[in-house]
Amino acid sequence: MENTARTWVFPKLDTRQFVLLAMLMALHMVLSRLTVGTNVLQVSFAFVTMSLIAKWYGPLWSMLIAAILDIIGATIINPGAFFLGFTFTAMISALIYSLAYFKHDKTSWWRVSIAVGLVLLIANIGLNSIWLVMMYHTAHDWPSFLTFITPRVIKNLIMFPIQVGISYFLLNNQVISHTTKKIFS
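As the structure is a prediction and not an experimental result, all values here were calculated from the model.

A. Quick look at the overall build of the chain. Looking only at helices and strands, the chain has 7 helices and 2 strands in total. N-terminal to C-terminal, the α/β element order of the chain is α-α-β-β-α-α-α-α-α. Scaling as 2.2 N^0.38, a compact globule of 185 residues should have a C-alpha radius of gyration of about 16 Å, and the chain matches this with 17 Å. Here the C-alpha coordinates of the chain stretch approximately 55 × 35 × 35 Å along the principal axes. Expressed as a percentage of the 185 residues in the chain, the buried residues total 45%. Considering only residue pairs separated by 6 or more positions, the chain has 71% of its internal contacts joining residues 24 or more positions apart. Taking the average place of the 12 positive charges on the side chains of the chain and the average place of its 5 negative ones, the gap between the two points comes to 8 Å.

B. Fine view of the packing of aromatic side chains. Tallying each qualifying case throughout the model produces 8 aromatic pairs. Aromatic side chains Tyr97 and Tyr101 sit 5.7 Å apart centroid to centroid with 15 degrees between the ring planes, which places their arrangement in the stacked category. Highlighted residues: Tyr97 and Tyr101, both in helix α4 (residues 84–101), separated by 4 residues, approximately one helical turn. No difference in accessibility class separates Tyr97 from Tyr101, as the two residues are buried. By way of ring pairs, the aromatic residues Trp56, Tyr57 and Phe184 are connected into one cluster.

C. A nonpolar patch on the surface, seen in detail. A contiguous nonpolar surface patch, about 410 Å² in accessible area, is contributed by Phe45, Ile154, Ile158, Ile162 and Ile166. With respect to the helices and strands, the residue Ile154 is situated in helix α6 (residues 142–171).

D. Representation of the UniProt feature "transmembrane region" (unreviewed entry) in the chain. The positions UniProt marks with the feature "transmembrane region" (unreviewed entry) are residues 18–36, 56–77, 83–102, 114–133 and 153–171. Taken end to end, residues 114–133 is 100% helix and 0% strand, and its first and last C-alpha atoms sit 27 Å apart.

E. Seen up close, the pattern of salt bridges. Considering all chains together, one arrives at 1 salt bridge under this definition. Between Arg16 and Asp14 there is a salt bridge whose closest N-O contact spans 3.9 Å. Looking at Arg16, the relative accessible area reads 44%, which means it is partly exposed.

F. Representation of the nonpolar core within the structure. If you look at the biggest cluster of nonpolar residues, it comprises 40 residues, and the most contacted ones within it are Tyr57, Tyr97 and Tyr101. Every element with two or more residues in this core is listed here: α2 (15–33), α3 (47–77), α4, α5 (109–136), α6 and α7 (174–184). Among the elements that line this core, the one with the most residues is α3, at 14 residues. Setting aside residues no more than four positions away along its own chain, Tyr57 makes contact with Pro11, Leu13, Gln17, Leu20, Leu21, Leu24, Phe102 and Phe184. Counting residues in each nonpolar core, the second largest holds 6 residues, with Ile125, Phe145, Phe148 and Ile149 among its members.

About the criteria used
- Residues numbered from 1 in each chain as written.
- Predicted model: local features only at pLDDT ≥ 70, side-chain atom pairs only at ≥ 80, totals over all residues.
- Heavy atoms only, no water.
- Helix = DSSP H or I, 4+ residues; strand = E, 2+ residues; numbered from the N terminus.
- Rg over C-alpha atoms; globule rule 2.2 N^0.38 Å.
- Buried < 20%, exposed > 50% of the residue type's maximum accessible area, 1.4 Å probe, protein only.
- Contact = heavy atoms within 4.5 Å.
- Lys, Arg positive; Asp, Glu negative; His and termini not counted.
- Charge placed at Lys NZ, Arg CZ, Asp CG, Glu CD.
- Phe/Tyr/Trp six-rings, centres within 6.5 Å; stacked < 30°, edge-to-face > 60°.
- Patch = residues over 30% accessible without salt bridge, like charges linked within 9 Å, V, L, I, M, F, W, Y side chains within 5 Å.
- Areas by Shrake-Rupley, 256 points an atom, 1.4 Å probe, with all protein chains shown as cover.
- Salt bridge = Lys/Arg side-chain N within 4 Å of Asp/Glu carboxyl O.
- UniProt positions renumbered as here; feature names shortened; annotations may be inferred.
- Core = buried A, V, L, I, M, F, W, Y, C linked by side-chain atoms within 4.5 Å.

Right, here's the structure in full:
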């Protein structure tokens, strides 16, 4: 019970933890801008930094940081691209990653697969497709939604094993384990 209660608070950050968070945020902004594709269909590796933030800082910090990063990215780095729905999607993704990775020293294939699968299904395919139809299509009907969702389903089916592999390797890496013990113990 005590462990669950600690999950839903903002833990105080010491200087090292705060500096690491700032570095992860900067890396996230760089990785999220290094995308391949169009406005409708983009491939990015920003999930790597969000997975680490979720593992180390928990759900509340992760959701707050995801919202901040989305707002900064959409207003300062790429002006004119802000839409509150995408901020909500970023927060949901951070929450899913946090619930799967926070306070777990060793992350199993199943845990990573479920977390990545839920993020891809709920956030990338579901919510982002809805936001894109709302933003770019005048007819809000089923054929319009299918037009946006079909390429996203294909892209996310391709990205699923890639994200699971990268996330599993990253979260169970010796350097990450050492950093976790050194900075967060």
